[in-house]
Amino acid sequence: ARFSAAAFKSEYFAVLGDFNDTPLAPQLAKLCQKSGLVDALATLAPEERWTHYWKAKNSVSQLDHVLLSPALAGKLKKNGVSLERRGLGFRSESKKAGGGLLPKQVRLEAVEDDPNALALDFQFERFAEVSSSNVASDHCPIFLSFDL
């Protein structure tokens, strides 16, 4: 309601945050797929869009969203979306993570309990400060670059 039809197409705005579900979830489909907003993470390959690690399920998915107005999406630089994952989980040389083994792979879920989840490599570089007792987050910060 804040943006009329003309303003919706011409103004720069974003709807973003941890929506606690994937873009394909029925609860988010209207906002993520049918609102006219542009999913900035959709510029990435599907296996690169994940933003959250769920340790208990050994899975990753996109729970964090950046939805751009059409005008702002038009200003997004090519390759202008990046995710910072080095604060996630534990250093690759760590043998234990909360009493369990650090996973070599995780499941990439497009929806919760995805029966066709892809397996992804979870052995990647972490910040030196991240350890089994000092985990930065289970979410990945998202960075965007625009030509304004």
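Above this text is the structure in question.
Residues numbered from 1 in each chain as written. Predicted model: local features only at pLDDT ≥ 70, side-chain atom pairs only at ≥ 80, totals over all residues. Heavy atoms only, no water.

Chemist: What is the right way to read the overall build of the protein chain from this model?
Modeler: Summing up its helical and strand segments, the protein chain has three helices and 11 strands in all. The order of α-helices and β-strands along the protein chain, N terminus first, is α-β-α-β-β-β-β-α-β-β-β-β-β-β. Going through the 148 residues of the protein chain one by one, you find that 38% of them count as buried. For the protein chain, the exposed surface amounts to about 8,800 Å²; the carbon and sulfur share of it is 53%. (Helix = DSSP H or I, 4+ residues; strand = E, 2+ residues; numbered from the N terminus. Buried < 20%, exposed > 50% of the residue type's maximum accessible area, 1.4 Å probe, protein only. Areas by Shrake-Rupley, 256 points an atom, 1.4 Å probe, with all protein chains shown as cover.)

Chemist: Whenever I open this one, the packing of aromatic side chains confuses me. Can you help?
Modeler: As enumerated under the stated definition, the model contains four aromatic pairs in all. Aromatic side chains Trp50 and Phe122 sit 6.2 Å apart centroid to centroid with 40 degrees between the ring planes, which places their arrangement in the tilted category. On the criterion of sequence distance, the pair formed by Trp50 in the loop between strand 2 (38-39) and strand 3 (52-54) and Phe122 in the loop between strand 10 (118-121) and strand 11 (142-146) is long-range, its members being 72 residues apart. The interplanar angle of 35 degrees and the centroid separation of 4.5 Å between the aromatic rings of Tyr53 and Phe122 together place this pair among those described as tilted. (Phe/Tyr/Trp six-rings, centres within 6.5 Å; stacked < 30°, edge-to-face > 60°.)

Chemist: Just to check I follow, could you spell out the layout of surface pockets for this structure?
Modeler: To find leftover empty space, a probe the size of one water molecule is rolled over the atoms. Approximately 310 Å³ is the volume found for the largest pocket. Together, 18 residues line the largest pocket, and Pro23, Pro46, Arg49, Gln62 and Ala110 are the ones closest to its centre. Looking at the lining of the largest pocket residue by residue, the classes come out as nine nonpolar, four polar and five charged. (1 Å grid on protein atoms, 1.4 Å probe; cavity = no way out; pocket = protein on both sides within 12 Å on 5 of 7 lines; lining within 4 Å. Points joined across faces, edges and corners; volume = space filled by probe spheres on them. Nonpolar A, V, L, I, M, F, W, Y, C, P; charged D, E, K, R; others polar.)

Shape descriptors only; they carry no functional weight alone.
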